[in-house]
Amino acid sequence: MSIIGALVAYKGKPAKIVASTTHKYEVSFSDGSSQKVREKDFRYIHPEFSNVTDQCMKADMSILNDLQEESLSLQEITEWIFDDFTSQNAWCVYLMSEDSLYFYWSKDALMLRPVEQVKLIQTQRNEKAIAVESLERCIVNLNNNILDNDDIVWINEIEQVALNQSKHSKAMSALSIENTPENAHQLLVKLKYWSELTNPYPQRHKIYLDEEIKVILKEFTRKDLTHLTCLAIDNGDSRDADDAISVDGDMLWIHIADVASYVEIDSELDIFAQKRASNLYLPDQILHMLPPELSCVCSLGGSEISHAISIGLKLDSSEISDIEIHLSEIKVTNMSYEYADRVINENEVLSKLNDIAISHKAFRDDNGAVKLNLPNVEVKVKGQKVFITPQDDSNSRDLVAEMMVIAGRAVAQFAIENNISMPYLTQEAGSFSEDIVDNIQNLTIAKAFEASRGFKRSKITVKPSMHSGLGLSAYIRVTSPMRRYLDLLVQQQLVRFVSELPTLDDNAVKDRIKAINSSLPKVNKAIRQSVEHYKCLYLKQNNSWEGEGVIVEVNGEKALINIPSLAMMTQIKFKSKINIEDKVKLKVGSINFFERSVNFKPL
């Protein structure tokens, strides 16, 4: 059959077949142009060409519901719907086939859709049309910096981008805003849907939020140590006392909150804690590794009698001996660092403990221990304000820190002697200049910064080895089982050993170390970025801030500056000569709140 003169559809446009060759047909269009095309590239519509339009009269499509056939030709459907098979009617059916609501092409036949499928498609199209209209209204609102309740679905999309839980927001794309978490964050603050206090970084790094899980205590026989004066020294607002210290004659006791009695190895709670790896102490909140209820139950001093894992030992010329480890009952007195600092010399127990700490610290210093006193601050949100408080030197902080080191050293020694697999914290010797080594106990900020570059990275391994920075032959973190998973793992191993139960072997401990090492980077990043966020907000709230910085590194005209009162670093280019250790008066030049960066300028 010749199709010369026929109406066809080519790329959705009506065309007329005007000639043919061996392999191609020539088609002409209403604008007078023509083109040679292959037969497979056009759709045959009607044997007679006429000028057709996309204006079609309304048809009663319910007539198709009575048909029993699954497929029909274009001509048959045209005759059913319009009675007459004209070029215009056939073109209208073609347009319907392209819309594909009632039927669609399968090779050269049109497949009829069942009634329910048509209804479903129509509903979906209606919903999509409503959504398009809703988005258009939302964009108008956003351009005017206003919101109404109908915009929330689109704002939620923007929020998902800001939290790095989605890569795309229709509203941001419509506004020609690049879909990045920073841009989404900025838009939400601009719209006042988020306040500047909103902290997106925990969720942006997929940090688990607090949950409650039922906890069951496993009963153990406990040693009665309630005769000891046990002191739990911590921040004044702390509610999670992990550790307490006491002395009894020549026996030093370090008591650790008993968490392992609630968190059995491979239990639901254990997996829960593994996933979280660590507490996050953020300026605006605390996100717990364990359910908050459990922290309250385990916290030392939370009730008249506290359950603990008590580590007893003797220190003779800084040699540790007679190590005892017990599941215990103790009575705890809680006190703040500020109060402990005031009474450290007059309180008999604190005074004895401080003497032990000072002696042990001297022993570690002789073994090459290096502690860098770089400036540190505490960043807190109270109400709608951010506060930054420098962390001053504190005798009681030094005392508690040293007792925790002693506990880690004693548990490492105990584990080695009893062949208990543990996650040891190790660090090879660093590389420091002679000047730093000679003045290691009295470094300036600039020299401390230089020394920080010389440390080797610490590692966690099942093989005991030196920790150069602490000046110890072996060390294990053990004193924070409510806050750090590997400390909890150490406690689980100790509890099982003293209870004469099987302990985990090296491979099982390695698996847990690997899991925690994979989780900690996101935890640390969430903490660091949260602190940066609130430091930027502090400087926005205190826009006349001025302070002093110390030049710690010089590279040509550029200087790296440490700002002690903020515990921040900045880089500034100077025109005049500068030297390491020079002090510089600074003010804030600009703040990029959403990138968490501050540009400081010299006064």
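Residues numbered from 1 in each chain as written. Predicted model: local features only at pLDDT ≥ 70, side-chain atom pairs only at ≥ 80, totals over all residues. Heavy atoms only, no water.

Participant: A description of the state of the cysteines should follow, citing residues and the corresponding values.
Facilitator: Summed over all chains, the structure comprises one disulfide. The disulfide bridge from Cys56 ends at Cys92, spanning 2.0 Å between sulfur atoms. Judged by the torsion about the S-S bond (-95°), the Cys56/Cys92 disulfide is left-handed. Of this pair, Cys56 sits in the loop between β5 (42-46) and β6 (71-72) while Cys92 sits in helix α2 (residues 87-99), and the two are 36 residues apart along the sequence. What makes Cys56 partly exposed here is its relative accessible area of 33%. Overall, Cys92 belongs to the buried group, its relative accessible area being 3%. Cys296 takes part in no disulfide bond, and the closest cysteine sulfur to it belongs to Cys298, at a distance of 9.6 Å. (Disulfide = S-S within 2.5 Å. Helix = DSSP H or I, 4+ residues; strand = E, 2+ residues; numbered from the N terminus. Buried < 20%, exposed > 50% of the residue type's maximum accessible area, 1.4 Å probe, protein only.)

Participant: Tell me about the packing of helix α8 (residues 268-276) against helix α16 (residues 506-541), residues and numbers included.
Facilitator: What describes two packed helices is the angle between their axes and the distance between those same axes. Their axes nearest at 7 Å, the elements α8 and α16 cross at an angle of 45°. By the criterion of interaxial angle, the relationship of α8 to α16 is oblique. Between α8, through Asp270, Gln274, Lys275 and Arg276, and α16, the contact on the second element is made entirely by Arg512, Ala515, Ile516, Ser519 and Val523. Here the residues of the contact of α8 with α16 are counted per class, giving three nonpolar, two polar and four charged. (Axes fitted to C-alpha atoms, helices over the stretch in contact; angles between N-to-C directions. Parallel < 35°, antiparallel > 145°, perpendicular 65-115°, else oblique. Contact = heavy atoms within 4.5 Å. Nonpolar A, V, L, I, M, F, W, Y, C, P; charged D, E, K, R; others polar.)

Participant: Tell me about the sheet that holds strand β24 (residues 568-573), and please be specific about residues and values.
Facilitator: Within the open sheet, the five strands sit side by side as β24-β23-β22-β25-β26. Their pairing is antiparallel. The sheet is open, and its two edges are formed by β24 and β26 (597-602), each paired on a single side. Neighbouring strand axes in the sheet, compared pairwise and without regard to direction, differ in orientation by 50° on average. Examined bridge by bridge, strand β23 (residues 558-563) and β24 share six bridges and lie antiparallel to one another. Paired with Ile561 across the bridge in β24 is Thr570. The sheet contacts of helix α14 (residues 445-452) involve β22 (546-555), β23 and β24, and relative to β22 the element is tilted by about 50°. (Pairing = 2+ DSSP bridges.)

Participant: Go over the sheet that holds β6, please, and point to the residues and values.
Facilitator: Sheet architecture is open: three strands sit in the order β6-β8-β7, paired in antiparallel fashion. Each having just a single partner strand, β6 and β7 (103-106) make up the two edges of the open sheet. Relative to strand β8 (residues 109-112), β7 is paired through four bridges, and the arrangement is antiparallel. Looking across to β8, one finds that Ser106 is bridged to Ala109. Contacts between α2 and the sheet are confined to β7 and β8, with β7 contributing the most and set at about 85° to the helix.

Participant: Before we move on, could you go through the pattern of salt bridges and cite the residues and values that matter?
Facilitator: Where charged atoms from two side chains of opposite charge approach closely, those side chains can pair. For the structure on display, the rule yields 27 salt bridges. For Asp250, the salt bridge identified is with Lys314, shortest N-O distance 3.7 Å. Here Asp250, found in the loop between β11 (243-248) and β12 (251-257), pairs with Lys314, found in strand β15 (residues 306-316); they are 64 residues apart in sequence, far enough to count as distant. The exposure class assigned to Asp250 is exposed, which follows from its relative accessible area of 55%. You can call Lys314 partly exposed: its relative accessible area is 27%. (Salt bridge = Lys/Arg side-chain N within 4 Å of Asp/Glu carboxyl O.)

Participant: Provide a residue-level description of α8, including the pertinent values.
Facilitator: Within α8, burial applies to Leu269, Asp270, Phe272, Ala273, Gln274 and Arg276. As for α8, its buried residues are in contact with α9 (292-298), α15 (485-498) and α16. Ala277 sits one or two residues past α8 and shows a positive phi near 75°.

Participant: Just give me the short version of the packing of aromatic side chains, but keep the residues and values in it.
Facilitator: Geometrically, a pair of aromatic rings is defined through the distance of the ring centres and the angle of the planes. In this structure the tally under the stated criterion is seven aromatic pairs. Relative to Phe455, the ring of Phe432 lies with its centre 5.2 Å away and its plane at 75°, an arrangement referred to as edge-to-face. Of this pair, Phe432 sits in the loop between β20 (424-426) and α13 (434-438) while Phe455 sits in the loop between α14 and β21 (459-461); the two residues are 23 residues apart in sequence, bridging distant segments of the chain. On the basis of an interplanar angle of 65° and a centroid distance of 5.7 Å, the ring pair of Trp545 and Phe600 is categorised as edge-to-face. Taken as a pair, Trp545 in the loop between α16 and β22 and Phe600 in strand β26 lie far apart in primary sequence, 55 residues in all. Taken individually, Trp545 and Phe600 each receive the classification buried, so the pair is uniform in this respect. (Phe/Tyr/Trp six-rings, centres within 6.5 Å; stacked < 30°, edge-to-face > 60°.)

Participant: Can you explain unusual backbone geometry? Please cite residues and give values.
Facilitator: The backbone of Ser176 sits at a positive phi, close to 60°, despite the residue not being glycine. Here Ser176 falls in the exposed class, since its relative accessible area comes to 70%.

Participant: Got a sec to walk through the pairing of strand β1 (residues 7-10)? Specific residues and values, please.
Facilitator: Neither face of β1 is exposed, since Leu7 and Ala9 on one face and Val8 and Tyr10 on the opposite face are all buried. Bridge count between β1 and strand β2 (residues 13-20): four bridges; the pairing is antiparallel. Pairing of Ala9 across the sheet is with Pro14, part of β2. Taking the residues between adjacent antiparallel strands as the criterion, β1 and β2 are bridged by two residues, where Lys11 takes a positive phi near 50°.

Participant: Outline the pairing of β12, listing residues and values.
Facilitator: In terms of burial, β12 is largely enclosed, as seven of its seven residues are buried. Side chains Met251, Trp253, His255 and Ala257 project from β12 onto one buried face, and the interleaved Leu252, Ile254 and Ile256 project onto a second face that is buried too. The pairing of β11 with β12 spans six bridges and is classified as antiparallel. From the neighbouring strand, Asp243 faces β12, where its bridge partner is Ile256. Pairing analysis gives six bridges linking β12 to β15, with the strands arranged antiparallel. Within β15, the position partnered with Ile254 by the bridge is Ile311.

That's the geometry; what it means functionally is another story.
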